[in-house]
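As a plain string of letters, each chain reads:
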Amino acid sequence: MFLFARLSPEAPVESTVRLTLGQRAQGLKEMILEYRDNGEGVRQNSFVFTDSYAAPTEVGHKVRLAPKEYVLQVSLRYEPTAQTGIIVTERRIRLEGGEYRVDLSREGEPRQ
């Protein structure tokens, strides 16, 4: 069974996704990542930041998914004194194992 899983094109592979936030990290309180396949969420990950643990300018995480193209939806929630509202952006990303970079430093507009 292990050999079949390694040879199957649908077998999950581990990918590292690094998101560049740049100045968007300032005042960030929560970042929610959702990997979507055909409109349905297949994996979700969230990061919560506090006054004692501020958001870094780059966030990386590992995800195990079948090798294919996904829509990565990123929601950024800010504290009221910084940027207002929630910034939501979507990017197509093809995961096949390895490392991927997504630059969010200049994308999206706040939603109220």
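Notes on the structure follow. The shown structure was predicted, so the numbers you read here are calculated from the model rather than taken from an experiment.

Turning our attention to the overall build of the protein chain. Scanning the protein chain from terminus to terminus reveals one helix and eight strands. Ordering the α and β elements of the protein chain from the N terminus gives α-β-β-β-β-β-β-β-β. Within the protein chain, the proportion of its 112 residues that are buried is 38%. A fraction of 64% describes how many contacts in the protein chain between residues 6 or more apart in sequence connect residues 24 or more apart. Counting only carbon and sulfur atoms, one obtains 48% of the accessible surface of the protein chain, whose full area is about 7100 Å².

This part is about the nonpolar core. Counting 26 residues, the largest nonpolar core has Met31 and Leu95 as its most contacted members. Put simply, the parts of the chain that give this core at least two residues each are strand S1 (13-20), strand S2 (28-37), strand S4 (58-65), strand S5 (68-78), strand S6 (86-95) and strand S7 (98-103). When residues no more than four places from it in sequence are discounted, the contact partners of Met31 are Leu21, Asn45, Ser46, Phe47, Phe49, Val59, Val74, Ser75 and Leu76.

Turning next to the environment of Gln44. If you trace the backbone, Gln44 turns up in strand S3 (residues 40-48). The exposure class of Gln44 is exposed, given its relative accessible area of 53%. For Gln44 and Leu33, which are eleven residues apart along the polypeptide, the C-alpha to C-alpha distance reads 5.5 Å.

The next subject is unusual backbone geometry. It is generally the case that most residues other than glycine have a negative phi and that most peptide bonds are trans. Phi at Asn38 takes a positive value of approximately 55 degrees, unusual for a residue other than glycine. Within the secondary structure layout, Asn38 lies in the loop between S2 and S3. On the basis of relative accessibility, which here comes to 77%, the residue Asn38 falls in the exposed class.

Before going further, it helps to spend a moment on the pattern of salt bridges. Per the counting criterion, the structure on display carries nine salt bridges. A salt bridge links Lys29 to Asp51; the shortest N-O distance between them is 3.1 Å. Of this pair, Lys29 sits in strand S2 while Asp51 sits in the loop between S3 and S4, and the two are 22 residues apart along the sequence. Of the charged contacts in the structure, one is a salt bridge between Glu96 and Arg94, with a shortest N-O distance of 2.9 Å.

With that out of the way, let us pick up the sheet that holds S4. Read from one edge of the open sheet, three strands run S4-S1-S7, paired in mixed fashion. Bordering the open sheet on either side are S4 and S7, each of which pairs with just one other strand. Averaged over all adjacent pairs, the angle separating strand axes in this sheet is 25 degrees, with direction ignored. Note: S1 against S4, eight bridges, orientation antiparallel.

What follows is about the packing of aromatic side chains. One pass over the full model with this rule turns up one aromatic pair. An angle of 25 degrees between the planes, with centres 5.9 Å apart, marks the rings of Phe49 and Tyr53 as stacked. Using a relative accessible area of 5% as the deciding quantity, one classes Phe49 as buried.

What counts and how
Residues numbered from 1 in each chain as written. Predicted model: local features only at pLDDT ≥ 70, side-chain atom pairs only at ≥ 80, totals over all residues. Heavy atoms only, no water. Helix = DSSP H or I, 4+ residues; strand = E, 2+ residues; numbered from the N terminus. Buried < 20%, exposed > 50% of the residue type's maximum accessible area, 1.4 Å probe, protein only. Contact = heavy atoms within 4.5 Å. Areas by Shrake-Rupley, 256 points an atom, 1.4 Å probe, with all protein chains shown as cover. Core = buried A, V, L, I, M, F, W, Y, C linked by side-chain atoms within 4.5 Å. Salt bridge = Lys/Arg side-chain N within 4 Å of Asp/Glu carboxyl O. Pairing = 2+ DSSP bridges. Axes fitted to C-alpha atoms, helices over the stretch in contact; angles between N-to-C directions. Phe/Tyr/Trp six-rings, centres within 6.5 Å; stacked < 30°, edge-to-face > 60°.

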